[in-house]
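So you can see what is in the structure, the chains are spelled out below.
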Amino acid sequence: MAYSFACADTGADCPGAFATEGKDELMAHVQMHAQAAHPELAGNPELASVVGGLVKQI
Ligand SMILES: [Zn+2]
């Protein structure tokens, strides 16, 4: 089982997409990407719950 997340699913105009074996790993990747590409989201305490709700199991 792997996990995937695509920035576009949040409505963001961003090609960022991630797939990892573990959910914690995925969240770490998304957090790093958010800090680099979406600083306004990185500071949002709801980021984790928003991302968590859009993660897909693949
Ligand atoms: Zn993005």
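Now for the nonpolar core. Membership of the largest hydrophobic core is limited to 11 residues, which are Tyr3, Phe5, Cys7, Cys14, Phe18, Leu26, Val30, Ala34, Leu47, Val51 and Val55. Every element with two or more residues in this core is listed here: β1 (3-6), α1 (23-37) and α3 (47-54).

Distances from the zinc ion to its protein donors, namely Cys7 (SG), Cys14 (SG), His33 (NE2) and His38 (NE2), fall within the range 2.0 to 2.3 Å. Every donor residue of the zinc ion comes from the same chain, spaced as C-x6-C-x18-H-x4-H. For the residue pair histidine 33 and histidine 38, the accessibility class agrees, reading buried in each case.

Moving on: the packing of α1 against α3. Across the interface, α1 lies against α3 with an axial gap of 11 Å and an inter-helix angle of 125 degrees. By the angle between their axes, α1 is oblique relative to α3. Between α1 and α3 the crossing geometry is right-handed. Across the interface between the two elements, Lys23, Met27, Val30, Gln31 and Ala34 of α1 pack against Leu47, Ala48, Val51 and Gly52 of α3.

Quick look at α1 now. Taking 1.5 Å of rise per residue, 15 residues should cover 21 Å, and α1 covers 20 Å from first to last C-alpha, within 8% of that figure. For α1, the complete set of buried residues consists of Leu26, Val30, His33 and Ala34. Seen end-on, α1 carries its buried residues on one side only, within an arc spanning 105 degrees. Within α1, the exposed residues directed more than 90 degrees away from the buried face are Asp24, Met32, Gln35 and Ala36. Where α1 is buried, its residues contact β1, β2 (17-20), α2 (39-42) and α3.

Before going further, it helps to examine the pattern of salt bridges. Scanning the entire structure with this criterion turns up one salt bridge. For aspartate 9, the salt bridge identified is with lysine 56, shortest N-O distance 3.1 Å. Of the two residues, aspartate 9 is situated in the loop between β1 and β2 and lysine 56 in strand β3 (residues 56-57); the sequence distance between them amounts to 47 residues. The partly exposed category is assigned to lysine 56, whose relative accessible area is 43%.

Rules behind the numbers
- Within any chain, residue numbers begin from 1 and follow the written order of that chain's sequence.
- Totals for whole chains, interfaces and linings use every residue, but because this is a predicted model, local features are given only for residues with pLDDT of at least 70 and side-chain atom pairs only at 80 or more, for both listing and counting.
- Excluded from the side-chain calculation are hydrogens and water; included are all heavy atoms of the structure.
- Buried Ala, Val, Leu, Ile, Met, Phe, Trp, Tyr and Cys residues that are joined via side-chain atoms within 4.5 Å together make up what is termed a nonpolar core.
- Summary of the burial criterion: residues with accessible area below 20% of their type's maximum are buried, those above 50% are exposed, and those between are partly exposed, where the area comes from a 1.4 Å probe applied to protein chains only.
- Helical segments are the DSSP runs of H or I of at least four residues, strand segments are the runs of E of at least two, and each set is numbered from the N terminus.
- Here the term donor refers to an N, O or S atom within 2.8 Å of the metal (or 3.2 Å for Na, K and Ca), and because water is left out of the atoms, sites may appear incomplete.
- Helix axes are fitted to C-alpha atoms over the stretch in contact, other axes to C-alpha atoms as well, and angles between N-to-C directions run from 0 to 180 degrees.
- Oblique is the label for any angle not under 35 degrees, not over 145, and not in the 65 to 115 range, which are roughly parallel, roughly antiparallel and roughly perpendicular in turn.
- Crossings are assigned a handedness: left-handed for a near helix turned anticlockwise from the far helix by less than a right angle, right-handed for a clockwise turn.
- Any two residues whose heavy atoms approach within 4.5 Å at even a single point are treated as in contact.
- Helix span, expected: 1.5 Å multiplied by one less than the number of residues in the helix.
- Note that the arc is computed from the directions linking the helix axis to the C-beta atoms.
- What counts as a salt bridge is simple: a side-chain nitrogen of Lys or Arg found within 4 Å of a carboxyl oxygen of Asp or Glu.

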